[in-house]
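One-letter residues, chain by chain:
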Amino acid sequence: MSDFRLRVFAAVARHLSFTKAGQELFISQPAVTRHIRELEAQYRQRLLERLGNRVALTEAGRLLLAHAESAAAAQRQLEEQLDALRDPGAAAGRLRLGSSTTLSQYVLPGWLPAFQQRYPQVLLTLHNANSEQIADGLLRGDLDLGFVEGRSRSRDLHYELLLPDELVAVRRATPAGSPAVPLPLAEALAHPLILRERGSGTLEVLEFALRELKVRLSSLKVACYLNSTEAIKGYLEAAPDALGFVSRRALTRELAAGQLEIVPIAGLRLPRQFEAVWVQGEPLSRAAQRFLSFAHSQC
């Protein structure tokens, strides 16, 4: 997108906020306002409706946003094609990854150095969000490739299996250790529960499994909803009666240190899978293709 003013406008349209657009582009709010006014003067159209602290796109604004997004995509495609002509075997350009919490904290960081060593020309960023936010980011064009967990599917996105995972119930370690016999479901669910926030793949998997057992999430004694696995583990270490549900992959250090322990629950299995995801019908960039292939090689 050669006209910086279009980048500013696209950021405002994406966030519906002058302040957040300025933060994204590292410019002041008055500068954002100036760029928008210049565009409106150039096209002799109101592009945004300002309703107090709220911003909404006008019809002309929606038309310009579609053009700005197409121009940005065409620019990226041109750069990738030129890079391919210069070095057919290399991958270059920008790669914006979005990953749900478990992968972004416990899996992907260990892969990134080797990928960057193999493809040093790729400018890589990793955005951590829950599965629902990753899907939204892909559909808005803010991300090139996502990695998610959970059971929800969007018809506008393509999903590809990456690797399996399992959720387990966990609590603060006790002198007796993990129960030798699985706890009855009712007994386990009577504890204060520490769960992930709405929109997370972790909560979705748990909710689906409980629904199959005729248990509604709304009927449980939930002490707290937290937005990260690390927060759940920290809470459990300080709460002797609480029970949480996290990925087995996230517990290696705490189990070895004797800080937390797994609690088997009779009749409750929580398998899930991590998947790569991108926009249905849209080809992946060369950098995204290289990363996806690299990720499969690590599994």
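Criteria and thresholds
Counting of residues starts from 1 at the beginning of each chain's written sequence and follows it residue by residue. With pLDDT at 70 or above as the cut-off, local features in this predicted model cover only qualifying residues; side-chain atom pairs require 80 or more to be listed or tallied, and sums for whole chains, interfaces and linings still use all residues. For side-chain calculations, the full set of non-hydrogen atoms in the structure is used, while hydrogens and water are omitted. Labels follow the DSSP assignment, with helices taken as runs of H or I lasting at least four residues and strands as runs of E lasting at least two, numbered in each case from the N terminus. Exposure is judged per residue with a 1.4 Å probe applied to protein chains only, and the accessible area is read against the type maximum: over 50% gives exposed, under 20% gives buried, and values in between give partly exposed. Any two residues whose heavy atoms approach within 4.5 Å are treated as being in contact. Asp and Glu are treated as the negative residues and Lys and Arg as the positive ones, with His and the ends of the chain left uncounted. Note that the charge is assigned to NZ on lysines, CZ on arginines, CG on aspartates and CD on glutamates. The pLDDT score gives, residue by residue, the confidence of the prediction method on a 0 to 100 scale. Directions pointing from the helix axis toward each C-beta atom define the arc. Two rings belonging to Phe, Tyr or Trp (six-membered ring only in the last case) form a pair when the distance between their centres is within 6.5 Å. Interplanar angles under 30 degrees mark stacking, angles over 60 mark edge-to-face geometry, and anything in between is tilted. We call a charge positioned over a ring when the NZ of a Lys or the CZ of an Arg lies within 6 Å of the ring centre and within 35 degrees of the ring normal. Whenever Lys or Arg places a side-chain nitrogen within 4 Å of a carboxyl oxygen from Asp or Glu, that contact is recorded as a salt bridge. For helices, the axis comes from a line fit to the C-alpha atoms of the stretch in contact; other axes are also lines fit to C-alpha atoms, and the angle between any two N-to-C directions lies between 0 and 180 degrees. The cut-offs work like this: below 35 degrees is roughly parallel, past 145 is roughly antiparallel, 65 to 115 is roughly perpendicular, and the gaps in between are oblique. Throughout, the ten residues Ala, Val, Leu, Ile, Met, Phe, Trp, Tyr, Cys and Pro are labelled nonpolar, Asp, Glu, Lys and Arg are labelled charged, and all others, Gly among them, are labelled polar. To qualify as a nonpolar core, a set must consist of buried Ala, Val, Leu, Ile, Met, Phe, Trp, Tyr and Cys residues joined through side-chain atoms within 4.5 Å.

A few words now on the overall build of the protein. Across its full length, the protein carries twelve helices and eleven strands. For the protein, the proportion of its 299 residues judged to be buried stands at 47%. A fraction of 74% describes how many contacts in the protein between residues 6 or more apart in sequence connect residues 24 or more apart. Charge centroids of the protein, computed over 36 positive and 32 negative side chains, lie 2 Å from each other.

Our next topic: the confidence of the model for the protein. In the predicted model, the protein carries a mean pLDDT of 88, and the fraction of residues at 70 or more is 94%. The secondary structure element of the protein with the lowest average pLDDT is helix 4 (residues 59-86), at 76, and the one with the highest is strand 10 (residues 260-262), at 96.

Residues of helix 7 (residues 131-140) that are buried: Ser131, Ile134, Ala135, Gly137 and Leu138. In an axial view of helix 7, the angular spread of the buried residues amounts to 160°, which keeps them on one side of the axis. Of the residues one or two after helix 7, glycine 141 is the one with positive phi, at around 85°.

Another point: the packing of aromatic side chains. All told, the structure shown has five aromatic pairs when counted by the stated rule. With a centroid separation of 5.0 Å and an interplanar angle of 50°, the aromatic rings of phenylalanine 115 and tyrosine 119 are classed as tilted. Exposure remark for phenylalanine 115: the relative accessible area of 0% places this residue in the buried category. Counting every residue linked through ring pairs, the aromatic cluster contains Phe115, Tyr119, Phe147, Phe291 and Phe294. The ring of tyrosine 159 has arginine 153 lying over it, and the distance from NZ or CZ to the ring centre is 4.7 Å.

Take the pattern of salt bridges next. Within this structure, the stated rule accounts for 15 salt bridges. Glutamate 149 is paired through a salt bridge with arginine 272; the nearest N and O atoms lie 2.9 Å apart. Pair noted here: glutamate 149 is in the loop between strand 5 (145-148) and strand 6 (157-172) and arginine 272 is in strand 11 (residues 271-279), with a separation of 123 residues, a long-range link. The two residues glutamate 149 and arginine 272 agree in class, both being buried.

Moving on: the packing of helix 2 (residues 18-25) against helix 3 (residues 29-43). Across the interface, helix 2 lies against helix 3 with an axial gap of 8 Å and an inter-helix angle of 105°. Classified by the interaxial angle, the pair formed by helix 2 and helix 3 is roughly perpendicular. Contacts between helix 2 and helix 3 pair Phe18, Thr19, Ala21 and Gly22 from the former with Gln29, Val32, Thr33 and Ile36 from the latter. Considered class by class, the residues forming the contact of helix 2 with helix 3 number four nonpolar, four polar and no charged.

This next bit is on the nonpolar core. Considering soluble globular proteins, one finds that nonpolar side chains tend to be buried as a cluster. Formed by 25 residues in total, the largest nonpolar core has its most connected members in Leu95, Phe115, Leu124, Leu145, Phe147 and Phe291. Elements with a minimum of two residues in this core: strand 3 (93-99), helix 6 (108-118), strand 4 (122-128), strand 5, strand 6, strand 11 and helix 12 (286-298). Looking at this core element by element, the count peaks at six residues for helix 12. Contact partners of phenylalanine 115, with chain neighbours within four places excluded, come to Leu95, Val122, Leu124, Ala287, Arg290, Phe291 and Phe294.

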